[in-house]
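# Notes for the structure review
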Amino acid sequence: MPAIKKVLNSSVVLVVDDRGVERVLLGKGIGYGQKPGDEVSPAITDQEFISLPDADHRNLVELLAQIPAEYVELTREIAADAARAGLTLDPHVYLTLTDHLHFAVERHRQGLTLTNRLAWEVRTVYPDHHAVGVSALEHVERRLGVRLGEEEAANVAFHLVNADTGKPGVDSMRVVDLVAKVTSIVTMTSAVRVSRKDLHASRFLTHLQFFAERFFAGQLLAGDDFLFRNLSDRAPRAIATAERVRTFIREAHGVELPDEEVAFLAVHIARASPE
């Protein structure tokens, strides 16, 4: 059985397993009344081992020794909500999200509010992650009696997206920022009005999400230009708007979008346009 090396708080202990490997063990009340050398009984069902790289391991141990146990329990509850929503999270989230929740509550108690200017885009681009973020606010209020602002759900969603192993390498901040800028260009230069309630507009937003993820992963579509040439005749307004996006990407990121990417963007613009 693993033996306790250090009690970090009532819900977190540092243990050494039978092979001499250090691991973080989470469990409600698992550290209460315990001391180094005590063995952890396998009969305790509410426990969870967290495996992390060495750097994260050290940082998590240091963090959990400094903050109340409630924040670890909050992250566990949020991670459980995420699992029920079909999300698979990297254990790194126990470091980043726990730290964020503590910081967010402390800011709130000091009367400091940080505006998330991309909250709408996060809710729109990552609805499943945002829904878990909304439930996270309820967990915080129930446990700590603190009602964080609605925009805080988007901040939690950022951490969940970045920890989502189904989206390897995704930087949610960059993705959402690019989606917001492209959406702005499209709505300012066409009749498209973005809303998740409209099927075609919803598909347009979903396309932008996957486009942004491909863009930052360096996996842009680059097939033949048949669709592009065909749409240039059939949907010139949509192509003109998509070309504005190509110009923006070129000037802002130094990347030339292939005709196929421009064509698929034009398809979604045409479908979402009421004209």
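Residues numbered from 1 in each chain as written. Predicted model: local features only at pLDDT ≥ 70, side-chain atom pairs only at ≥ 80, totals over all residues. Heavy atoms only, no water.

### A few points about the pattern of salt bridges
Opposite charge on two side chains allows them to pair when their charged atoms are near. The line we're drawing: Whenever Lys or Arg places a side-chain nitrogen within 4 Å of a carboxyl oxygen from Asp or Glu, that contact is recorded as a salt bridge. Helix and strand definitions follow DSSP, with helices as H or I runs of at least four residues and strands as E runs of at least two, each counted in order from the N terminus. Only protein chains enter the area calculation, which uses a 1.4 Å probe; residues under 20% of their type maximum are buried, those over 50% are exposed, and those in between are partly exposed.
Scanning all chains against the criterion turns up 14 salt bridges. Between aspartate 259 and arginine 246 there is a salt bridge whose closest N-O contact spans 2.9 Å. Of this pair, aspartate 259 sits in helix H11 (residues 259–272) while arginine 246 is found in helix H10 (residues 236–253), placing the two residues 13 residues apart along the sequence. Accessibility expressed as a relative area gives 26% for aspartate 259, which makes it partly exposed.

### Side note on the packing of helix H6 (residues 152–163) against helix H7 (residues 172–189)
Heads up, the rule is: Here the axes come from fitting lines to C-alpha atoms, over the contacting stretch only for helices, and the angles between their N-to-C directions go from 0 to 180 degrees. By the definition adopted for this analysis, an angle is roughly parallel if under 35 degrees, roughly antiparallel if over 145, roughly perpendicular if from 65 to 115, and oblique otherwise. Throughout, a contact is declared for two residues whenever any of their heavy atoms are within 4.5 Å. As a working rule, the residues Ala, Val, Leu, Ile, Met, Phe, Trp, Tyr, Cys and Pro are called nonpolar, Asp, Glu, Lys and Arg charged, and the rest polar, with Gly in that last group.
As a packed pair, H6 and H7 sit with axes 9 Å apart at the nearest point and diverge in direction by 115°. Taken together, the axes of H6 and H7 are roughly perpendicular relative to one another. From H6, Phe158, Val161 and Asn162 reach across to H7, where they touch Ser172, Met173 and Val176. Across the contact of H6 with H7, the residue classes break down as four nonpolar, two polar and no charged.

### Quick notes on the environment of leucine 227
Of note, leucine 227 is situated in helix H9 (residues 226–234). In this structure the C-alpha to C-alpha distance between leucine 227 and glycine 166, which are 61 residues apart in sequence, comes to 30 Å. Setting aside anything within four residues of it in sequence, one finds leucine 227 in contact with Ala263, Phe264 and Val267.

### Things to note about the sheet that holds strand S3 (residues 22–26)
For clarity, the threshold we go by: At least two DSSP bridges between two strands are required for those strands to pair.
Here we have four strands laid out as an open sheet, ordered S1-S2-S3-S4, and antiparallel in their pairing. For this open sheet the edge positions go to strand S1 (3–9) and strand S4 (48–50), each flanked by a neighbour on one side alone. The mean inter-strand angle of the sheet, taken between neighbouring strand axes irrespective of direction, is 30°. One ladder, built from five bridges, connects strand S2 (residues 12–16) with S3; its direction is antiparallel. Looking across to S3, one finds that valine 15 is bridged to arginine 23.

### Concerning the environment of arginine 109
Inspection of the secondary structure puts arginine 109 in helix H3 (residues 93–109). For the pair arginine 109 and leucine 148, spaced 39 residues apart in the sequence, the C-alpha separation amounts to 9.7 Å. Contact partners of arginine 109, with chain neighbours within four places excluded, come to Tyr71, Leu144 and Val146.

### Digging into the nonpolar core
Put simply, the rule is: In this text, buried Ala, Val, Leu, Ile, Met, Phe, Trp, Tyr and Cys residues form a nonpolar core when linked through side-chain atoms within 4.5 Å.
The biggest cluster of nonpolar side chains holds 43 residues, and the ones touching the most others in it are Leu178, Phe204, Ile249 and Ile269. At the level of secondary structure, the elements contributing two or more residues to this core comprise helix H4 (119–125), H6, H7, helix H8 (199–217), H9, H10 and H11. Here this core gets eight residues from one element, more than from any other, and that element is H7. In this structure, isoleucine 269 is in contact with Val186, Ser190, Val192, Phe204, Ala238, Thr241 and Ala242, ignoring residues within four places of it in sequence. Counting residues in each nonpolar core, the second largest holds 38 residues, with Ala79, Val93, Val105 and Leu148 among its members.

### Focus: the pairing of S1
The pairing of S1 with S2 spans five bridges and is classified as antiparallel. Across the sheet, the residue bridging to lysine 6 is leucine 14, located in S2. Where S1 folds back onto S2 in an antiparallel hairpin, the turn is made up of two residues.

### Structural notes on the packing of aromatic side chains
Inclusion rule: Pairing of aromatic side chains here covers Phe, Tyr and the six-membered ring of Trp, requires ring centres within 6.5 Å, and sorts the geometry by plane angle: under 30 degrees stacked, over 60 edge-to-face, intermediate tilted.
This model, assessed by the stated rule, comprises two aromatic pairs. When the centroid spacing of 6.1 Å and the interplanar angle of 40° are considered together, the rings of phenylalanine 211 and phenylalanine 215 count as tilted. Taken together, the positions of phenylalanine 211 and phenylalanine 215, both in helix H8 and four residues apart, correspond to about one turn of that helix. Using a relative accessible area of 6% as the deciding quantity, one classes phenylalanine 211 as buried.

### Quick notes on H11
For an α-helix the count is 3.6 residues per turn, leaving residues at separations of three or four pointing the same way. Short version of the rule: Helix span is expected to be 1.5 Å times the residue number reduced by one.
Here H11 is 14 residues long and its end C-alpha atoms lie 20 Å apart, about the 20 Å a rise of 1.5 Å per residue gives. Taken as a whole, H11 has its buried residues at Glu261, Val262, Ala263, Leu265, Ala266, Val267, His268, Ile269 and Ala272.

### Quick look at H6
Along its twelve residues, H6 runs 17 Å from first to last C-alpha, staying within 8% of the 16 Å computed at 1.5 Å per residue. The element H6 is extensively covered by neighbouring structure, given that ten of its twelve residues are classed as buried. Listed as buried for H6 are Glu152, Ala153, Ala154, Asn155, Val156, Ala157, Phe158, Leu160, Val161 and Ala163. Buried positions along H6 lie against helix H2 (69–84), H3, H4, helix H5 (127–144) and H7.

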